[in-house]
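# Results of the structural survey
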Amino acid sequence: MSSFDSKLITLMAKKMGINSDNVLKRTAEFLRLLQLRVTASSGARQLSDTSRVVMCLDLACNMLGYPFDKTGIVRLAGVNRKQYTNGLNLIENLLDLSKPATVEALCVQLGVSEVASFAQKVLDKYVELHAQGPNGGRPLDTSLPVYHCVAVLTACKHNKVKVDKAKLVESSRVKKIQFDKLVEDFAPVLKNLGPKEVKKTALKRSHKLIDLVTKFDEDIENQESACAKEEKEVTDPETEDFEAWKKRILSEAGEDT
């Protein structure tokens, strides 16, 4: 990699607010690999050096989980929103970075793993209802990330779990208006599913904890009662051993005479 590319990476990273040596190293690796895989007929040749660097920085941050403010990133790359999305997808494919979106992966990435099971049921039910509807003859391409993203959002809303919708829209790789339209299409799915599984699980766990605490308190009370009973049997005259009592009474009677 030339010194020009290195300087451009550093410059663009600074403008994007990225301060991570690991991100810069990974970006440099992406650019080197991209140079080897770009052919004369590849659409990536149409991207400027600046666009490639910005997009590779974006991909490196995403891979390493490094958050940064994406405001103005399209303008910085010198392209429009559609060109940026297409270019990013193209580079992902050339670098073999594109992975099929899954409900579970999205939930882990967004920190809402507790709804993963319910979100998968939402997606499965949507596919089932779609097959039964008027458009059932047209199969759904559930490999598209938008379906998984909407399923996760639907599950989070239903279970009142906070999630970053903006990140889901971004991961869906469709326009927000298309995303919101699909969210509406998913709405009838919830009528065909059971109660809020996340809350039910939490409630069950809460009852179990209460039962354990109650049992612990009862055990303590029983132990205290047993100890008090033993102490009373030792010190209370009414529970004095009969033979000892008899001997004491006879002794006292002898002294009186």
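You'll find the structure just up there.
The notes below deal with the structure included here. (Residues numbered from 1 in each chain as written. Predicted model: local features only at pLDDT ≥ 70, side-chain atom pairs only at ≥ 80, totals over all residues. Heavy atoms only, no water.)

Time to look at the packing of helix 9 (residues 165–172) against helix 10 (residues 176–186). Remark: helix 9 packs on helix 10, axes separated minimally by 10 Å, with the N-to-C direction vectors making an angle of 105°. The angle between helix 9 and helix 10 falls in the class roughly perpendicular. Across from K165, L168, V169 and S172 in helix 9, the residues of helix 10 making contact are K176, F179 and D180. Of the residues belonging to the contact of helix 9 with helix 10, the class tally is 3 nonpolar, 1 polar and 3 charged. (Axes fitted to C-alpha atoms, helices over the stretch in contact; angles between N-to-C directions. Helix = DSSP H or I, 4+ residues; strand = E, 2+ residues; numbered from the N terminus. Parallel < 35°, antiparallel > 145°, perpendicular 65-115°, else oblique. Contact = heavy atoms within 4.5 Å. Nonpolar A, V, L, I, M, F, W, Y, C, P; charged D, E, K, R; others polar.)

Turning to the nonpolar core, a few remarks are in order. Membership of the largest hydrophobic core comes to 33 residues, with the highest contact counts inside it found for M16, I18, V54, L57, Y84 and I91. Listed by contribution, the elements that provide at least two residues to this core are helix 1 (3–15), helix 2 (21–37), helix 3 (49–64), helix 4 (73–77) and helix 5 (81–94). In terms of residue count, the dominant contributor to this core is helix 3 (8 residues). The residues contacting L57, other than those within four sequence positions of it, are I9, M12, A13, M16, I18, V23, L24 and T27. Judged by nonpolar contacts, the second largest core, of 31 residues, contains V103, V122, V152 and L193. (Core = buried A, V, L, I, M, F, W, Y, C linked by side-chain atoms within 4.5 Å. Buried < 20%, exposed > 50% of the residue type's maximum accessible area, 1.4 Å probe, protein only.)

With that settled, the discussion passes to the pattern of salt bridges. For the structure shown, the criterion picks out 6 salt bridges. Between E29 and R26 there is a salt bridge whose closest N-O contact spans 3.3 Å. Here R26 and E29 lie together in helix 2, a separation of 3 residues that amounts to about one turn. Classification of E29 as partly exposed rests on a relative accessible area of 40%. Looking at R26, the relative accessible area reads 25%, which means it is partly exposed. Between K70 and D58 there is a salt bridge; the shortest N-O distance is 3.1 Å. (Salt bridge = Lys/Arg side-chain N within 4 Å of Asp/Glu carboxyl O.)

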